[in-house]
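Summary of structural features
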Amino acid sequence: MSNQEQPISEFKSKSGLKRIFSAFFYSIDGFKNAWKNEHAFRQELVLVIIGSIVALAMPVSAFEKLMMIAVLVLVLVVELINSAIEAVVDRVSLERHSLSKNAKDFGSAAVLLTFLIAVATWAVVLFNRFYY
């Protein structure tokens, strides 16, 4: 085992309040970039906004409203992670490779599963409200 220190990225976060402010602005940049460059993110964000308005207007409990909105936001979270995976894969190489395809397909599958969880959550809440 070596006692050498690991190299530290120049992009590694700072300490204290400067780190918090930097992280906030990096996040804003991430949202801007996702909006500008990711079609799926834009489509899903529109779905989240519309779904949130519908959920807030529905005659269901506050907890059910929270769950209905939370699962939609979760789709966005996983989409951002998927986009990050795709960006890293493309950064490494644009040539076709089975491992690159796997990484992108796994990210896509994660988005699909999250979307199915959102659909199931909405179905259960709506079923319990209107048919149960």
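This text goes with the structure placed above it.
Residues numbered from 1 in each chain as written. Predicted model: local features only at pLDDT ≥ 70, side-chain atom pairs only at ≥ 80, totals over all residues. Heavy atoms only, no water.

Attention now goes to a nonpolar patch on the surface. Taken together, the side chains of Leu 47, Leu 112, Leu 113, Phe 115, Leu 116 and Val 119 define a hydrophobic patch exposed on the protein surface, amounting to about 540 Å² of accessible area. When residues of the nonpolar patch are assigned to their parent elements, the largest contribution, five residues, is made by helix H4 (residues 98-130). Looking at where Phe 115 falls in the secondary structure, it is placed in helix H4. (Patch = residues over 30% accessible without salt bridge, like charges linked within 9 Å, V, L, I, M, F, W, Y side chains within 5 Å. Areas by Shrake-Rupley, 256 points an atom, 1.4 Å probe, with all protein chains shown as cover. Salt bridge = Lys/Arg side-chain N within 4 Å of Asp/Glu carboxyl O. Helix = DSSP H or I, 4+ residues; strand = E, 2+ residues; numbered from the N terminus.)

Here helix H2 (residues 39-57) crosses H4 at 15°, and the two axes come no closer than 14 Å. Regarding the angle of H2 to H4, the classification is roughly parallel. Where H2 crosses over H4, the two elements pack in a sense that is left-handed. Note on element contacts: H4 touches H2 through Val 111, Phe 115 and Trp 122, opposite Glu 44, Leu 47, Gly 51, Val 54 and Ala 55. Class assignment for the residues of the contact of H2 with H4 results in six nonpolar, one polar and one charged. (Axes fitted to C-alpha atoms, helices over the stretch in contact; angles between N-to-C directions. Parallel < 35°, antiparallel > 145°, perpendicular 65-115°, else oblique. Left-handed = near helix turned anticlockwise from the far one by under 90°. Contact = heavy atoms within 4.5 Å. Nonpolar A, V, L, I, M, F, W, Y, C, P; charged D, E, K, R; others polar.)

A few words on the packing of aromatic side chains. Under the definition given, this model contains two aromatic pairs. Summarising the aromatic geometry, the rings of Phe 24 and Phe 25 are spaced 5.2 Å apart at their centres and angled 80° between planes, so their arrangement reads as edge-to-face. Relative accessible area serves as the criterion here: at 47%, Phe 24 is assigned to the partly exposed category. By relative accessible area, which is 48% here, Phe 25 ends up partly exposed. When the ring centre of Phe 130 is taken as reference, the NZ or CZ atom of Arg 129 above it lies at 5.4 Å. (Phe/Tyr/Trp six-rings, centres within 6.5 Å; stacked < 30°, edge-to-face > 60°. Buried < 20%, exposed > 50% of the residue type's maximum accessible area, 1.4 Å probe, protein only. Lys NZ or Arg CZ within 6 Å of the ring centre and 35° of its normal.)

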